[in-house]
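Summary of structural features
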Amino acid sequence: MAEWVSLAEAIAAGVRDGDTVAMEGFTHLIPFAAGHEIIRQKRRDLSLIRMTPDLIYDQLIGAGCAKKLTFSWGGNPGVGSLHRFRDAVENDWPAPLEIEERSHSDLANAYVTGAANLPFAVLRGYTGSDFARVNDRIRSITCPFTGEVLAATPSVRPDVAIIHAQKADWKGNVLLWGIIGVQKEAVLAAKTAIITVEERVRSLDAAPNACVLPSWVVTAVCEVPRGASPSYAHGYYERDNLFYRTWDQISRERDRFMCWLNQHVLETRDFSEYLKLQGDPHVQAVYQ
Amino acid sequence: MSSSFTADEIMTIAASRMLRNGAVCFVGIGLPSTAANLARLTHAPDAVLVYESGPIGAKPPVLPLSIGDGNLAETADTVVSTPEIFRYWLQGGRIDVGFLGAAQLDRFANINTTVVGTYDKPKVRLPGAGGAPEISSSAKEVVIIVKQSKRTFVEKLDFVTSVGFLHGGDSRECAGLTGKGPVAIITDLCILHPDPVTREMKVASIHPRVSRDTISTNTGWSIQFADSCTETEPPSPQELQVLRDLKARTAAAHGAQGEAA
């Protein structure tokens, strides 16, 4: 059964140094508040998994929380590079970052087989590419029925999955809608699941085929309004495109990034305080 | 009647013409998304736009800034999960055309979006594969949209992220890839099609006001021109109008320069 707790308590109890952590959300419902809390609590040596490591993983990597990243597309969507990610890969700053690179299709399949308690995923897309040359976990298997040779890749089984959703009821049943990405699979593939939601409601009022995660597959649920900002929560608020563009400037140089990280994350008490700073024009003027 | 147009405009318009009405198109963000939406708003109103974030049949009123913008979900016929998009719809063989961009490509239209330099100590760490390897292997046809320069059109790729015709000839078929591969590369200078035998990409159509010399000097290999090479039909006033309106609407909606590449 999911327990309603504060985000600080959920991260303190659920995420340990050295854990494998998957925070998912495909452009939509990205768990920024939870990522910030991990930075605030100074977790180290995390093996991070995410199909599209965007700003939140750029922040975690720049803050020194990660030792490894498994991913399939690492950029600032619609803007360009992730500078902290690139600085870690190209210059080992703030620490060397081991990378395990796969494709979207591979990671999506690997979450599915993780959720299904199978050891590996099977797919076609790598044929002829250089991936297997740099990632020895991309191997091949021969179909016992047709003889076709297919790529075989290990399932994703994180210690902790963290996602953001729109609603949860008082029991901790969680509802998400819109672009739902691989969140359901990530939760079912993980040993522990922490879910932040926009609001706690009396009843989900969900249609029979809606994407609902029953309370008993969730470890902790936390009410964090705007917890996906600057990404968006369908039906609640829109994507803060300006922040994504501004991040390109904030993150480009180490000093400026560290200054932002200290002021906005490490020295704020929680996400609501961070959001207050985001709305403060005097603070923002410094970063434009 | 000739209207003035930019190199970017003719590239986008030429790419949009590759999408026939009713085709199911897997769309990447940036130039591919602009071209596919232009097609939908001009000659291909029944084109089905599929985005890897899950929307099927998206009809966004303005260009999305990211691959998972809310207006894609709101205007789609249905929105499915990411595993479903890749498993049932793409690998399942339901995509007619995959529209891709590229950071580097070679004469056989193999694509690199991974690293410039060596993998372990890259000069430039690029975003990586995303959905491209599966699109390039499983879509029935692939169209690549990319600006042409020596930096982009290279003799040898630093990393093969997504395959085109591999080493040319029948090497793609022999490798067991299901889709037909790249049928065209659309650039700001010209249109390339694969040679039917060698599968090397050859210039088939040159955009107005562009010389063969310009194309050669912006290519990192000795590029060949097809015997039947012609001039690209210039953008029609209607195509230009719809494209410019779309960009203006997008800029107004996003409060800035519009969709980034």
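All of the points below concern the structure found in this document. (Residues numbered from 1 in each chain as written. Chains lettered and ligands numbered in written order. Predicted model: local features only at pLDDT ≥ 70, side-chain atom pairs only at ≥ 80, totals over all residues. Heavy atoms only, no water.)

1. Describing the packing of helix α9 (residues 254-266) of chain A against helix α10 (residues 271-278) of chain A
All names here are of chain A. Rule in force here: To obtain an axis, a line is fitted to C-alpha atoms, over the contacting stretch when the element is a helix, and the angle between two such axes runs from 0 to 180 degrees between their N-to-C directions. Helix and strand assignments come from DSSP, with helices taken as H or I runs of at least 4 residues and strands as E runs of at least 2, each series counted from the N terminus. If an angle is under 35 degrees, it is roughly parallel; if it is over 145, roughly antiparallel; if it lies from 65 to 115, roughly perpendicular; otherwise it is oblique. Residue contacts are counted whenever heavy atoms from the two residues lie within 4.5 Å of one another. The nonpolar class holds Ala, Val, Leu, Ile, Met, Phe, Trp, Tyr, Cys and Pro. Asp, Glu, Lys and Arg form the charged class, and all remaining residues, Gly among them, are polar.
Two elements in contact, α9 and α10, have axes whose closest approach is 9 Å; the angle formed by their N-to-C orientations is 125°. The angle between α9 and α10 falls in the class oblique. From α9, W260, Q263 and H264 reach across to α10, where they touch Y274, L277 and Q278. Tallied by class, residues from the contact of α9 with α10 come to three nonpolar, three polar and no charged.

2. Thoughts on the pairing of strand β2 (residues 48-51) of chain B
All names here are of chain B. Defined as follows: Note: two strands are recorded as paired if DSSP finds a minimum of 2 bridges between them. By definition, the crossover connecting two strands over a helix is right-handed if that path, from the first strand to the second, turns clockwise as seen with the strands pointing away from the viewer.
As judged from the four bridges shared by strand β1 (residues 24-27) and β2, these two strands associate in the parallel manner. Following the sheet pairing, C25 is matched in β2 by L49. Read as a crossover between parallel neighbours, the route from β1 over helix α2 (residues 31-41) to β2 is right-handed.

3. Re the packing of helix α3 (residues 55-62) of chain A against helix α4 (residues 83-91) of chain A
Residue and element names in this part refer to chain A. The line we're drawing: Definitions for this section: a left-handed crossing has its near helix turned counterclockwise from the far helix by less than a right angle. A right-handed crossing has that turn clockwise.
Orientation of α3 relative to α4, taken along the N-to-C sense of each, is 45°, at an axis distance of 7 Å. Taken together, the axes of α3 and α4 lie oblique to each other. α3 and α4 meet at a crossing whose hand is left-handed. Facing D58, I61 and G62 of α3, the residues of α4 in contact are H83, R84, F85 and A88. Tallied by class, the residues present in the contact of α3 with α4 amount to three nonpolar, two polar and two charged.

4. Considering the interface of chain B and chain A
Here is the rule: Reported buried area values correspond to the accessible surface (1.4 Å probe) lost by two parts on association, with both partners' losses combined. Within this document, salt bridges are pairs made up of a side-chain nitrogen of Lys or Arg and a carboxyl oxygen of Asp or Glu, the two lying within 4 Å of each other. Definition of a polar contact: a pair of N or O atoms within 3.5 Å, with one able to donate and the other able to accept a hydrogen when the atoms are protein atoms, and with sequence-neighbouring residues admitted only if both atoms are side-chain atoms.
With 47 residues of chain B at the interface, the matching set in chain A holds 46 residues. For the pairing of chain B and chain A, the buried interface totals around 3,900 Å² over both sides, and the portion due to carbon and sulfur atoms is 58%. Per-residue buried area on chain B facing chain A is highest for B:Y119, B:R125 and B:P127; these three make up 16% of the total on that side. Counting across the chain B and chain A interface gives one salt bridge. Here B:R125 ties to A:E101 by a salt bridge, and the two come within 2.6 Å at their closest N and O atoms. Inspection of the region where chain B meets chain A yields 18 residue pairs in polar contact (both at pLDDT 80 or more). Every element with two or more residues in the side of chain B that touches chain A is listed here: α3 (70-75), α4 (82-90), β9 (122-125) and α5 (132-138) of chain B. Of the residues in the side of chain B that touches chain A, the class split is 21 nonpolar, 17 polar and nine charged.

5. Describing empty space enclosed by the protein
Quick reminder of the rule: Definitions used throughout: a 1 Å grid over protein atoms alone; a cavity as a set of points that fits a 1.4 Å probe which cannot get out; a pocket as an open set with protein on both sides within 12 Å along at least five of seven lines; a lining residue as one with an atom within 4 Å of a point. Grid points are joined across faces, edges and corners, and a volume is the space filled by probe spheres set on the points.
In the structure shown here, the tally under the stated rule is one cavity of 30 Å³ or more. The computed volume of the largest cavity comes to approximately 30 Å³. A:P77, A:G78, A:V79, A:R239, A:N241, A:Y244, A:R245 and B:L65 together form the lining of the largest cavity. Residue composition of the lining of the largest cavity, grouped by class: four nonpolar, two polar and two charged.

6. Brief notes about the pattern of salt bridges
Residue and element names in this part refer to chain A. Put simply, the test is: Per-residue accessibility, obtained with a 1.4 Å probe over protein chains only, is compared with the maximum for each type, and a residue is labelled buried under 20%, exposed over 50%, and partly exposed between these values.
Under the defined criterion, the tally for this structure stands at 26 salt bridges over all chains. In this structure, R40 and E37 form a salt bridge, with 2.9 Å as the shortest nitrogen-oxygen distance. One end of the pair, R40, and the other, E37, are both in helix α2 (residues 32-40), three residues apart, so they sit about a helical turn from each other. When sorted by exposure, R40 lands in the same class as E37, which is buried. One salt bridge in this structure joins D248 and R252, with 2.7 Å as the shortest N-O distance. Here R252 and D248 lie together in helix α8 (residues 241-252), a separation of four residues that amounts to about one turn. Here the salt bridges do not stand alone but share partners, grouping K68, E100, R102, D106 and R137 into one network.

7. Digging into the packing of aromatic side chains
Residues and elements named next belong to chain A. What counts, and what does not: Note on aromatic contacts: the rings of Phe and Tyr and the six-membered ring of Trp form a pair at centre separations within 6.5 Å, being stacked when their planes are under 30 degrees apart, edge-to-face when over 60 apart, and tilted otherwise.
Counted by the stated rule, this structure contains 13 aromatic pairs over all chains. With centroids separated by 6.3 Å and ring planes inclined at 50°, the aromatic side chains of F243 and W260 adopt a geometry described as tilted. Residue F243 is found in helix α8, and its partner W260 is found in helix α9; the two are separated by 17 residues along the sequence. Judged by its relative accessible area of 4%, F243 falls in the buried class. Each ring, one from F271 and one from Y274, has its centre 5.0 Å from the other, and the planes form 25°; the classification is stacked. Remark: Y274 and F271 occur in helix α10; sequence separation between them is three residues, near one turn of the helix. Comparing F271 with Y274, the two get one shared label, buried.

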